[in-house]
Every structure is written in C-alpha cells, then in structure tokens.
Amino acid sequence: MANLNDLGIAAIRDGFRKGDFSAREVADSFISAVEKARALNAFTVETPDHAIAAAEQADRDRSQGDFKPLSGVPLGIKDLFATKGVQTASASKILEGFKPEYDSTVSGKLFAAGAGMLGKLNMDEFAMGSSNETSAFGNVLSPWRRNDGGNAALTPGGSSGGSASAVSARLCPGATGTDTGGSIRQPAAFTGITGVKPTYGRCSRWGIVAFASSLDQAGPMARDVRDCAIMLEVMSGYDPKDSTSLKLDVPQWEAGLSSDIRGKRIGIPREYRIDGVPAEIDAVWEQGIQWMKDAGAEIVEISLPHTKYALPTYYIIAPAEASSNLARYDGVRYGNRVAPENGSLDDMYKATRAAGFGAEVRRRIMIGTYVLSAGFYDAYFNQAQKVRALIARDFQDAFKQVDLILTPTAPSAAFGLGETTDPLGMYLNDVFAVPASLAGLPAMSVPAGLDAQGLPLGLQIIGKPLDEQGVMNAGLALEERAGFTARPEAWW
Amino acid sequence: MSVDTATVRHIAKLARIAVTDHEVEALVPELNNILGWIEQLGEVDVTGVEPMTAVIPNQLRMRPDEITDGNVRDAVLKNAPVAEHGFFAVPKVIE
C-alpha cells in the first residue's frame, strides 16, 4: 500500500469509501508522522486520542454504509480555534493551559463532518507575525531547506506557520488556518502548499481567538485546490453566533471545480510591481500570466491606485482592533494571572499583561491604544478607515473590467529564522496579501515553482466578493500548468 | 507626530501593561519608527469619503429577545485563575 501520509484529503476520503484502507490506518499513519516530526515544532499539543476516536467512529459508520464529507480524514487545527477540552493558547503565554468548554463553530463543523484532530498547530502569538517567530511555544521550522547544502533553519511563514509546516511535511493532509492580513496565503506560498482565504463572513469567527475582527477569516490549507474546496465547503456557512456571518447558502465548490477559464479576464495590477522585489518573484508572476493565457484567459493591465497605502492602513486598523480585543486578557476570567503581593486590581491587570504578552503583541497593543486615544483617533484611525474605503473602491472599479486578479503571493521566498528583526521589515511580507484582506475579498495562494535556492514560490488569485469558485477554478488552472510536485526531503 | 517617554508611559497605562524604564526607552524609537511610517496616510485625499464600517455589505440582524443559553456557571468559571463561591475573584477593590 502507498504511504498513506502521501495522500491528500480527496484521496483519503475516496480511498476510505472504496475500502482501500481503514480510517484507523490513516489516523495511525499520520499520528506516527506527527510524533517523528517534533523537530519542526509544528504542533503545540498532539491529540492522537481525538484522531483515533474520530477514525474508529468513521470505521463503524462505514460498516453501516454511512459516510460524512470528511469521514476518515485527520486534520490539524490552528491553535487559534477553541477546541473543547484541548489547550487553546493562541500560542500565547497568557492563555497557556486554557481549555475551552466548547468548540469553535469552524472546528466543530469539521468534527461533525467526520474529521479527527491530530493536534493544535503552532502559530505566531495571537496571529501577530509573518514568520512564526512570535510564538510563546517556540519557532516553527519549515520542512524546506535551501539547496546550498547548508542547514539554515527557515521560516514556514506566519501566522499560520504550524499549519503550513505540518501540511507541507505530510504530517496532516489539511489544516485550518486564519488570515487577517495574509496569514494563510504567505505561509502557504513559503511552504509550497495551497491556501484559501474566503470572503469575509463566509466562515464564522465564533470561537476563534479574535485578533482584528473586521479582517479575521478562517480558511483551509492543504496540498491542492480540490482539497481546499472540500475543507472550505465544510468550514463555511451562516452562524447566528457571529454577527458578521453571511446568511448565504454554501456553494458546492468541489463539484463546481473546473479549470476551464477560457474567456475570463485576468487583471494584472501595475502597482504590484514594486522596487526591491527579487527578479525571481517577477519571473514567477510572468510565468503565471503565461499559464493564464495558455488556459485561454485574457490578460488585462489594471490599476489599483491606493495599493501603497494598504500596509500602513492595515497597521493602524489591525492593532487598533487588537488593542480592543485583547483587553479581555486581564487575569480574571481565564488565562494566567500575575498578582503582585498586596497589589491593587490595576496592578494585577498590568502585571498579568506584561508577563503574559510577548514583545510583538505588546507593541501592537500599544500602537492600537495610541491610534485610538483621545486626540489621535481622527488623524489615525478614522483616516485609515477612509483610506480602507478607497482601497476597497479600487477593487470594485477593477472588477468592472476583470473577473480575477493575479499577483505574486509574497515579495520573497521563505527567509531564515532570525534574519528579519526589524518590525517594519517583517510587515512588508504581507504587501501583496493585505489589500485583499482590507477589502474582504476571497483570495488564494497556489504553489507555482521553486526559486534558484530550491524554495517554493506562490501565486495569488484575488476574486470578487463571494466568488470563491472563480478563484479556485483559476487556481486549478494554474495548478494543472505548474505541475508542482516538489516536496521537502525529510530531515526531521 | 512622535512619542516620547512620557507618552509611552501614558499609552502603557491606558493599555494596562506594566513597563520598565528600560522597556520604555526601547519602545520610543520602535513606536516612532512605525508611527512615522503610517503617517503617510495623511497625504491621501479623503474628501467626501466615508470611513468604512462594513467590508462586505451586511445587515446587522435582530433576533427575538429570548433566553437561549445559560445555567452553565461552572463551565464559565472553569478556567478562572481564582473563583470563589461561584464568582470570579479579584484582589480587594473596596476597603
């Protein structure tokens, strides 16, 4: 029998239904891969019992002819999703040991669809980071290495770094991610996997530890477009517990997959050609344009004039919302408490938060507090919300001319851990990802090739609101032409 | 606009994060670097532009005013660092 770890979600689902293997065999195979790969530090908690229980249930159901959409499929769950009875720390010291009494809507839907959980996936603390170096549980290592013979430890990207590393290293066939300003797409690009950020409101945010509520969206990270479509179908849907959840039926994205994109108009935004980006990024973009033409699409140059303001806008809005959302970590209701002897309630808050939050989280809370404070609210926060409206309008105008937009996912391949120490330099990682986040648009990253150092590069497709199908169909057209089969050689 | 040590202390107080003198010194240039960069938004002409409130047009829904949840005190208190007599417990606030 082929190595079960090499199978993706669709192959596991279909093979299990046909009776090629049992769900228990699949679970055992991935559990053992997870145990062997601890050097990657992709998981903060391993939950083999959960995966086994779901697998045994799936095997029992199969004997009755009962199949659920994800029967037999074990998944990894980003540590941002509340999981009942399993530590949900958001990779922060302040929540270490927190075991929710409930499942997030999204993880609950996946489990109800038959999926098991292999464990909780490491990430940047509260999803604030682009390299997984802000986790209180240590850096995640990318399974990829440069082809220079060196063993430099590379970032899997962030914030969904554990998800990216685990899927890429074949520790799980798919994983949940969340994307606030690129946190699904950039790590997917860095590790040669596929990731989808759906339209804002498609996936319920209930039970997902909040970072920036107007931007946060859950999405799938998996090996290919079909596997993402399968997961996204289960993860999406109206939830009365999330006031921004969209009350819409979930399309049958998997059944609707088609790489026939003849006649589609693909926009190439000229503002995404920025100085200082390696030539290889431009080259992979050019290659993507050729693949789109080859698929019968029409290429249209477009302008998104406010692109250069997207990052600074994001770095006002996201910290502002974070400073508000993270006010709940006060050492009273959950999480850890530090109470100085004979100290006041206020002393307890301050000591708890100083000890519990890492440097990047503290920095962003401070920035957010400042831009929302009296006297600065208009100049910073309100101005940013206005510029955000202009960025969204740019996309609306562009989508009058084109169906989809093609760009690189990230401005570089994966970098070495510790190589980027300046916060601003780190923020630039999301330069191509953030505009679509600010506009709430569906977007995905598809692996496109390797750079000269043998590291994966991704292409991003951005679509109109609610057009996940169009995005994934174009992704499939790219996937078929890229024929990306490279995988990291196991060293862990 | 730039921040000095007094402002950083004030922000830290508003954010309820204890900071040491050393941390304040380090935060001043860090925050100024970031604030200097986001300041470029000031150059965008936003005349007549309404601040964005919803990224995807969506009506905030009303629901019937009914009790749909509750009677889960122990579950609510389960993760509290300190709970006493069925309540969250904090350091004394009234003498």
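It should be noted that the structure appears before, not after, this text.
Within each chain, residues carry numbers counting from 1 in the order of the written sequence. The naming scheme follows written order: chains are lettered A onward, ligands numbered 1 onward. Whole-chain, interface and lining totals are the exception, using all residues; otherwise, since this is a predicted model, local features are given only for residues with pLDDT of at least 70 and side-chain atom pairs are given and counted only at 80 or more. Remark: hydrogens and water are excluded; side-chain values derive from all non-hydrogen atoms of the structure.

Segments assigned H or I by DSSP are reported as helices when at least four residues long, segments assigned E as strands when at least two residues long, and all are numbered from the N terminus. Each helix and strand in chain B was counted, giving 3 helices and 2 strands. Relative to its length of 95 residues, chain B is extended, with a C-alpha radius of gyration of 23 Å against a globular reference of 12 Å. For chain B, the C-alpha atoms occupy an extent of roughly 55 × 45 × 25 Å along the three principal directions. Relative accessible area decides the class of each residue, using a 1.4 Å probe on protein chains only: under 20% of the type maximum gives buried, over 50% gives exposed, and in between gives partly exposed. In chain B, which comprises 95 residues, the share counted as buried stands at 27%. The accessible surface values rely on the Shrake-Rupley method and a 1.4 Å probe; as for residues, cover is taken only from the protein chains in view. Accessible area of chain B: about 6900 Å², with a carbon and sulfur share of 54%. Atoms considered for the radius of gyration are the C-alpha atoms alone. The globule rule reads 2.2 Å times the number of residues to the power 0.38.

All names here are of chain A. In terms of nonpolar packing, the biggest core is built from 178 residues, with Leu 70, Phe 126, Leu 171, Phe 395, Leu 406 and Ile 461 touching the most fellow members. Contacts between residues were defined by any pair of non-hydrogen atoms, one from each residue, lying within 4.5 Å. Aside from chain neighbours lying at most four places away, what touches Leu 70 is Ile 9, Leu 75, Leu 110, Ala 113, Gly 114, Ala 115, Ile 230 and Val 234. Counting residues in each nonpolar core, the second largest holds 5 residues, with Phe 190, Ala 410, Ala 414 and Met 426 among its members. What makes a nonpolar core is a set of buried Ala, Val, Leu, Ile, Met, Phe, Trp, Tyr and Cys residues whose side-chain atoms join them at distances within 4.5 Å.

Residue and element names in this part refer to chain A. The aromatic pairing rule takes the rings of Phe, Tyr and Trp, using the six-membered ring of Trp, and pairs them if the centres are within 6.5 Å, calling planes under 30 degrees apart stacked, those over 60 edge-to-face and the rest tilted. As enumerated under the stated definition, the model contains 20 aromatic pairs over all chains in all. Ring plane angle 10° and centroid distance 3.7 Å describe the contact between Tyr 315 and Tyr 427, whose orientation is recorded as stacked. Here Tyr 427 lies in helix H13 (residues 423-427) and Tyr 315 lies in helix H9 (residues 310-325), a separation of 112 residues in the sequence. Side by side, Tyr 315 and Tyr 427 carry an identical accessibility label, which is buried.

Note that side chains of opposite charge can pair when their charged atoms are close. Each salt bridge in this description consists of a side-chain nitrogen of Lys or Arg and a carboxyl oxygen of Asp or Glu lying within 4 Å of one another. Scanning the model with the defined rule gives 32 salt bridges over all chains in all. Its salt-bridge partner being A:Lys308, residue B:Glu43 comes within 3.6 Å of it at the nearest N-O pair. Placement of the pair is B:Glu43 in the loop between helix H2 (21-38) and helix H3 (73-77) and A:Lys308 in the loop between strand S8 (298-302) and H9, with the two residues belonging to separate chains. With relative accessibility at 53%, the residue A:Lys308 sits in the exposed group.

This next bit is on the interface of chain A and chain B. Listed by partner, the interface residues are 71 residues for chain A and 49 residues for chain B. A 1.4 Å probe defines the accessible area here, and the buried area is the portion of it lost by two parts on being joined, summed over both. Here chain A packs against chain B, burying approximately 5000 Å² in sum over the two surfaces, 71% of which is carbon and sulfur. For chain A, the biggest contributors to the area lost against chain B are A:Met366, A:Tyr370 and A:Leu424; these three give 13% of the whole. The interface formed by chain A and chain B contains 5 salt bridges. In this structure, B:Arg16 and A:Asp346 form a salt bridge, with 2.8 Å as the shortest nitrogen-oxygen distance. In the analysis that follows, any N or O atom pair within 3.5 Å is treated as a polar contact, provided that within protein one partner can donate a hydrogen and the other can accept it, and provided that, for residues neighboring in sequence, both atoms belong to side chains. Counting the contacts that link chain A with chain B gives 19 residue pairs in polar contact (both at pLDDT 80 or more). Looking at the side of chain A that touches chain B, the elements with two or more residues in it are H9, helix H10 (345-356), helix H11 (359-372), helix H12 (377-401) and H13 of chain A. Note on residue classes: Ala, Val, Leu, Ile, Met, Phe, Trp, Tyr, Cys and Pro are nonpolar, Asp, Glu, Lys and Arg are charged, and everything else, Gly too, is polar. By residue class, the composition of the side of chain A that touches chain B is 37 nonpolar, 18 polar and 16 charged.

Residues and elements named next belong to chain A. Among the secondary structure elements, Ser 163 is positioned in helix H5 (residues 161-168). For Ser 163, a relative accessible area of 0% gives the class buried. Reaching out from Ser 163, the side chain makes a polar contact with the backbone oxygen of Thr 176 at a distance of 2.9 Å.

Right, let's talk about the pairing of strand S10 (residues 443-450) of chain A for a bit. Residue and element names in this part refer to chain A. Along S10, 7 of the 8 residues are buried, which leaves the element largely enclosed by surrounding structure. Both strand S5 (residues 194-197) and S10 contribute to a ladder of 3 bridges, which runs antiparallel. Bridge pairing links Gly 195 to Ser 445 in S10. Pairing of S10 with strand S11 (residues 456-463), which is carried by 7 bridges, proceeds in the antiparallel orientation. Looking at S11, one finds that Ser 445 is bridged to Gln 460. Whether two strands pair depends on DSSP finding at least two bridges between them.

Shape is all these values report; function is a separate question.
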